[in-house]
Amino acid sequence: MSDTNGKIVVYSPGRANLIGEHTDYNDGYVLPFAIKRYVKIEIEPSKAFKIFSEQTKKGVAFDNLNRTNSWADYVIGMIVKLQERGYNVKPFNMRINSDLPMGAGLSSSAALEVGVGYAICQMMDYDISMEELANIAHSCEVEFVGVRCGIMDQYAVALSRENNALFIDTMTKEYKYVPLNLDGARLYLVNSGVKHELGSSEYNKRRKECEDALKIMGKISFRSVSVEDIEKISDDVLKRRALHVLTENERVLKTLSALEADNLRLVGKYLYESHYSLRDNYEVSCPEIDFLIGEFEKSSNIYGARIVGAGFGGSVIVLADTGFERVMDEISKKYVIKYGIEPKVIDVETSDGVHRIE
Ligand code: GLA
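Residues numbered from 1 in each chain as written. Predicted model: local features only at pLDDT ≥ 70, side-chain atom pairs only at ≥ 80, totals over all residues. Heavy atoms only, no water.

Student: So what exactly am I meant to see when it comes to the packing of helix 8 (residues 264–280) against helix 9 (residues 287–297) here?
Tutor: Describing two packed helices takes the angle between their axes plus the distance from one axis to the other. Close contact between helix 8 and helix 9 brings their axes to 12 Å; oriented N to C, the two are set at 150°. By the angle class used here, helix 8 and helix 9 are roughly antiparallel. Crossing of helix 8 against helix 9: the hand is left-handed. Within the contact between the two elements, helix 8 uses Y272, H275, Y276 and R279 and helix 9 uses I289, D290, I293, F296 and E297. (Axes fitted to C-alpha atoms, helices over the stretch in contact; angles between N-to-C directions. Helix = DSSP H or I, 4+ residues; strand = E, 2+ residues; numbered from the N terminus. Parallel < 35°, antiparallel > 145°, perpendicular 65-115°, else oblique. Left-handed = near helix turned anticlockwise from the far one by under 90°. Contact = heavy atoms within 4.5 Å.)

Student: Would you mind going over the pairing of strand 3 (residues 32–45) with me for this structure?
Tutor: The side chains of a regular strand alternate, residue by residue, between the two faces of the sheet. Burial of strand 3 is extensive: 10 of the 14 residues sit out of reach of the surface. In the sheet, strand 3 pairs with strand 6 (residues 92–98) via 7 bridges, with the strands oriented antiparallel. When the bridges of strand 6 are listed, V39 appears paired with S98. (Buried < 20%, exposed > 50% of the residue type's maximum accessible area, 1.4 Å probe, protein only. Pairing = 2+ DSSP bridges.)

Student: Looking at this structure, how should I read the packing of helix 1 (residues 72–84) against helix 2 (residues 108–124)?
Tutor: Between helix 1 and helix 2, the shortest axis-to-axis distance is 9 Å and the interhelical angle comes to 50°. In terms of axis orientation, helix 1 runs oblique to helix 2. Our pair here, helix 1 against helix 2, has a crossing hand that is right-handed. Where helix 1 abuts helix 2, its residues Y74, V75, M78, I79 and L82 lie against S109, L112, E113, V116, G117, I120 and C121. Class assignment for the residues of the contact of helix 1 with helix 2 results in 9 nonpolar, 2 polar and 1 charged. (Nonpolar A, V, L, I, M, F, W, Y, C, P; charged D, E, K, R; others polar.)

Student: Even after reading the chapter, I still don't get the sheet that holds strand 11 (residues 315–320), so can you show me in this structure?
Tutor: In any sheet, the strands associate via hydrogen bonds between backbone groups, in a parallel or an antiparallel arrangement. Strand order across the open sheet formed by 4 strands is 10-11-9-12, with antiparallel pairing between neighbours. Because the sheet does not close on itself, it has two edges, and the strands there are strand 10 (302–307) and strand 12 (344–347). Recorded for the sheet is a direction-independent mean angle of 25° between the axes of neighbouring strands. By the bridge criterion, 4 bridges tie strand 9 (residues 186–191) to strand 12 in an arrangement that is antiparallel. Note that in strand 12 the partner of Y188 across the bridge is D347. In the packing of helix 8 onto the sheet, the strands contacted are strand 10 and strand 11, and the crossing angle to strand 10 comes to about 30°. Contacting strand 9, strand 10, strand 11 and strand 12, helix 10 (residues 324–339) crosses the sheet at an angle of about 20° to strand 9.

Student: I keep staring at the site of the ligand and nothing clicks. Help me out?
Tutor: Neighbouring the ligand are the residues R15, E21, H22, D24, Y25, C149, G150, M152, D153, Y203, G309 and A310. R15 has a polar side-chain atom sitting 3.0 Å from an oxygen atom of the ligand. The backbone of G150 places a nitrogen or oxygen atom 3.0 Å from an oxygen atom of the ligand. Its free accessible area being 310 Å², the ligand has 92% of it covered by the protein chains. Each of domain 1 (8–179 + 352–357) and domain 2 (186–347) gives at least three residues to the shell around the ligand. (Near = heavy atom within 4 Å. Polar contact = N/O pair within 3.5 Å; in protein donor to acceptor, adjacent residues only side chain to side chain. Areas by Shrake-Rupley, 256 points an atom, 1.4 Å probe, with all protein chains shown as cover. Domains from an automatic or database assignment.)

Student: Any chance you could explain the packing of aromatic side chains here in plain terms?
Tutor: Think of a pair of aromatic rings as described by two things: how far the centres are apart, and how the planes are tilted against each other in angle. On inspection of all chains with the given rule, the structure shows 13 aromatic pairs. Ring centres 5.5 Å apart and planes at 25° place the aromatic pair Y29 and F167 in the stacked group. Of this pair, Y29 sits in strand 2 (residues 29–30) while F167 sits in strand 7 (residues 164–169), and the two are 138 residues apart along the sequence. Residues Y29 and F167 agree in their burial class; the two are buried. Cluster of aromatic residues (ring-pair linked, three or more members): F49, F62 and F92. (Phe/Tyr/Trp six-rings, centres within 6.5 Å; stacked < 30°, edge-to-face > 60°.)

Student: When you look at the domain arrangement of the chain in this model, what are you seeing that I'm missing?
Tutor: Under the domain assignment used here, the chain contains domain 1 (8–179 + 352–357) and domain 2 (186–347). If you average the C-alpha positions of domain 1 and of domain 2, the two centres end up 24 Å apart. Across the boundary between the two partners, domain 1 contributes 35 residues, which contact 41 residues of domain 2. Roughly 3,300 Å² of surface becomes buried between domain 1 and domain 2 when both sides are summed, with 62% attributable to carbon and sulfur atoms. Contact with domain 2 buries surface across domain 1, with I19, H22 and R148 losing the most and accounting together for 21% of the total. Residue R148 is joined to E211 by a salt bridge in which the shortest nitrogen-to-oxygen separation is 2.8 Å. The interface formed by domain 1 and domain 2 holds 21 residue pairs in polar contact (both at pLDDT 80 or more) in total. (Buried area = accessible area lost by both parts, 1.4 Å probe. Salt bridge = Lys/Arg side-chain N within 4 Å of Asp/Glu carboxyl O.)

See the structure below:
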């Protein structure tokens, strides 16, 4: 994707998440990072609001800021939310392009929201902090689009730094950068080709289940929940949801220590454990992805892997040595025979968060 004729051009990355899944709306920890796959946004002032998607070759013009129940809502929602915070937005002409697959668990929606917000602020000359931008994009997703997500994606897209993961305590919104020294190993993303369309309704349902579990335990935050508290829940589903949250938070902290000690085999073990918990306790995996994980477990080239993002399809993050591609060729053949879909591998390169190209 190249730049063009003097317009403001913004690149907004997708994100992966090393570990810490479904913890960000439960006051927990996450460890995401941005990847070198982008939503590209070109913007220039205009007499009326016009947006154009290079991918679908479809344009939308609008003169009010009502919801449309289409992808345009990510743009309209950002205008509404910026204005609510006192940032006036003048009409613009916007072109959007992307090499970030949608529905692949790599946060194309947060990339779009944060990118649109950043592009508008650049056009209007607003000096907005990345934290505020991320929070506005989050309110767009929750209040305008209607998915009750946590803050991980918008923070990762806005604040990431190349070669680092972003450790976020989602209770305090404090964050720090964690160098990703993988020393010979690599991270890969494998897109299962299963689109996580069930995503938003099941996602909101998981969130409600966590709230119900907290009520039963008489707690206001998962941060003060112990295994003994969880034992008191008689409903099996709610008990398993709570167990996932508690153990996943522990795994994030253990992964941080393992990364600091350069113990990548141990990091891999936590990735597998995270997957089992997402599969069995949180029930957000799917047969295709469980098949991939089952195959990965058989190879000593692969240290660990797990489903990434909201789940119900999407991608798998894999920590492996460079023998991975050969192993994956064989697994792909079996996957194609079994499911009739070709899994797509992205060799992960970490990226800076949203930025402007001069
Ligand atoms: C989606 C949401 C995030 C987070 C993940 C699951 O990507 O947008 O806030 O909850 O699912 O970890």
